[in-house]
Amino acid sequence: METKYLKINPADNVAVAIQALKAGEIITIDGQDINVLQDTPAGHKVMLTDLAKGKDIIKYGYPIGHAIEDVKMGQWVNDNHIKTNLAGLLEYTYNPVEVKLDIPNEGLTFKGYRRKNGDVGVRNEVWIIPTVGCVNGIVNQLATNLRKETNGEGVDAIVAFPHNYGCSQLGDDHENTKKILRDMVKHPNAGAVLVVGLGCENNQPDVFREFIGEYDEERVKFMISQKVEGDEVEAGMSLLREIYAKAKEDKREEVPLSELRVGLKCGGSDGFSGITANPLLGMFSDFLVAQGGTSVLTEVPEMFGAETILMDRCRTKELFDQTVSLINDFKEYFLSHGEPVGENPSPGNKAGGISTLEDKALGCTQKCGKAYVDGVMAYGDRLQVKGLNLLSAPGNDL
């Protein structure tokens, strides 16, 4: 029989329309016949009981907000009927839960590129990275020239990464730019990197070189435009030819799956995200973690309302405290700018059946499965531990 609706958790008092439901249709849940009162679009919610104003609406087994009016059994429930329960900072208590994935380590491998420092890439690319937006034109031209000259033979891509930062930045803003650019220079998917600076920017190339720390000097080269005598494009091409020659000789080799690191990225969200794509991704994440690998969950503002699930899965009290800071620091950022912490989802999310931020968050966090939280990272940090990591970053558009 074709499934037209789904009650996700036994504790829920709403069901999700898998297909559009017509007014007058009868749906049967937990042995009870329910008359659908309005045409209900796919991805949206139908009330399973009469609910008084102010009472919580439960989905995924957790409150996704409260009713702002009395709601009848069979009624289509959307953002016009629900208000978020989110408000301000919270005091959290560590209530650790035991996690058992019951997934065997199958000793699997994948074909990757083992780098000099031991990191493993899944691609082998030549990257051209500006320290400042002022040299974006040069790095784009260098990438175009190298692609024309080599046809990209022997590498997966030749990519320039123009950006608008690196000049007139101060404090944490400046440090964050340096951290992200450092992470790119040391990224194992880059078999060769040319860093291009101007020479007068805040993000001074020589200081940035020291900030990077140890790196493969045969694969990572620097060019400062204002110090080049003659044609800077040709100077850049000379360096690129040198590192490209090394990268194109790289070969894939069998690498344990424990070396794989995957970021859990979100696409457009609707009422199906938390019952289709995200749970599937969560199963993959759990499998990868069980093989000794690593996954990273971010989009902190879209954890609001589901954060206690993650906090209780923190392997240690220290990780719990770091996760509390992760959440409350972001909430404080919103509040300090006079913005409510629950002013999400977007109009498109609502049209797809997501009514509140809690509704979105409980679906979003399905992406990381059920594994322990083994690491918490600040923005721009490099991975230090394997397993499930939480990353402080605003969202998938980062």
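Below you will find a few notes about this structure. (Residues numbered from 1 in each chain as written. Predicted model: local features only at pLDDT ≥ 70, side-chain atom pairs only at ≥ 80, totals over all residues. Heavy atoms only, no water.)

## A closer look at the packing of helix H1 (residues 136-150) against helix H4 (residues 232-247)
Between H1 and H4, whose axes approach to 10 Å, the crossing angle comes to 55°. Classified by the angle between their axes, H1 and H4 sit oblique to one another. Relative to H4, the crossing made by H1 is right-handed. Residues Ile138, Gln141, Leu142, Asn145, Leu146, Glu149 and Thr150 of H1 pack against Glu232, Val233, Gly236, Met237, Leu240, Arg241 and Tyr244 of H4. Grouping the amino acids of the contact of H1 with H4 by side-chain chemistry returns seven nonpolar, four polar and three charged. (Axes fitted to C-alpha atoms, helices over the stretch in contact; angles between N-to-C directions. Helix = DSSP H or I, 4+ residues; strand = E, 2+ residues; numbered from the N terminus. Parallel < 35°, antiparallel > 145°, perpendicular 65-115°, else oblique. Left-handed = near helix turned anticlockwise from the far one by under 90°. Contact = heavy atoms within 4.5 Å. Nonpolar A, V, L, I, M, F, W, Y, C, P; charged D, E, K, R; others polar.)

## Overview of H4
Spanning 16 residues, H4 covers 22 Å between terminal C-alpha atoms, matching the ideal 22 Å at 1.5 Å per step. The set of residues buried in H4 consists of Val233, Gly236, Met237, Leu240, Ile243, Tyr244 and Ala247. All buried residues of H4 project into a common sector of 140° when viewed along the axis, lining one side. Buried-residue contacts for H4 involve strand E12 (125-130), H1, strand E14 (190-197) and strand E15 (220-224). (Expected span 1.5 Å × (residues − 1). Buried < 20%, exposed > 50% of the residue type's maximum accessible area, 1.4 Å probe, protein only. Arc of directions from axis to C-beta.)

## Side note on the sheet that holds strand E8 (residues 76-77)
In space, the four strands of this open sheet follow the order E1-E2-E5-E8, with antiparallel pairing throughout. Of all the strands in the sheet, the pair left with one neighbour each is strand E1 (5-6) and E8. (Pairing = 2+ DSSP bridges.)

## Remarks on the pairing of strand E10 (residues 109-114)
As paired strands, E10 and strand E16 (residues 253-256) are joined by four bridges and run antiparallel to one another. Each bridged residue has a counterpart across the sheet, and for Gly112 the counterpart in E16 is Glu253. Pairing of E10 with strand E11 (residues 120-121) involves two bridges; the strand directions are antiparallel. By the bridge assignment for E11, Tyr113 is matched with Gly121.

## Some words on the pairing of E12
Burial runs high along E12: six of the six residues are buried. Where burial is concerned, the two faces of E12 agree: the one with Glu125, Trp127 and Ile129 and the one with Val126, Ile128 and Pro130 are both buried. Pairing of E12 with E14, which is carried by six bridges, proceeds in the parallel orientation. For Ile129, the partnering residue across the bridge sits in E14 and is Val195.

## Considerations on the sheet that holds E16
The strand order across the open sheet built from three strands is E11-E10-E16, with neighbouring strands paired in antiparallel fashion. The two strands at the open ends of the sheet, each matched to only one other strand, are E11 and E16.

## Brief notes about the side chain of His66
Tracing the chain through its elements places His66 in strand E7 (residues 62-67). One polar contact links His66 to Asn85, side chain to side chain, over a distance of 2.7 Å. Not counting residues within four places of it along the chain, the set of residues in contact with His66 comprises Gly54, Lys55, Asp56, Ile57, His81, Ile82, Lys83, Thr84 and Asn85. (Polar contact = N/O pair within 3.5 Å; in protein donor to acceptor, adjacent residues only side chain to side chain.)

## Side note on the side chain of Arg313
Mapped onto the elements, Arg313 comes out in the loop between helix H6 (307-312) and helix H7 (317-336). One buried charged residue, Arg313, forms no salt bridge at all, with the nearest opposite charge on Asp286 at 5.5 Å. When residues no more than four places from it in sequence are discounted, the contact partners of Arg313 are Val97, Val99, Cys368, Gly369, Lys370, Ala371, Tyr372, Val373 and Leu388. (Lys, Arg positive; Asp, Glu negative; His and termini not counted. Salt bridge = Lys/Arg side-chain N within 4 Å of Asp/Glu carboxyl O.)

## A word on the packing of aromatic side chains
Aromatic ring pairs are described here by two measures, namely the spacing of the ring centres and the angle between the planes. Within the structure shown, the criterion is met by five aromatic pairs. Relative to Phe334, the ring of Tyr333 has its centre 6.2 Å away and its plane inclined at 75°; by these criteria the two rings are edge-to-face. By relative accessible area, which is 52% here, Tyr333 ends up exposed. An aromatic cluster is present here, built from Phe304, Tyr333 and Phe334 joined pairwise through their rings. The aromatic ring of Phe222 is capped on one face by Arg209, whose charged end is 4.3 Å from the ring centroid. (Phe/Tyr/Trp six-rings, centres within 6.5 Å; stacked < 30°, edge-to-face > 60°. Lys NZ or Arg CZ within 6 Å of the ring centre and 35° of its normal.)

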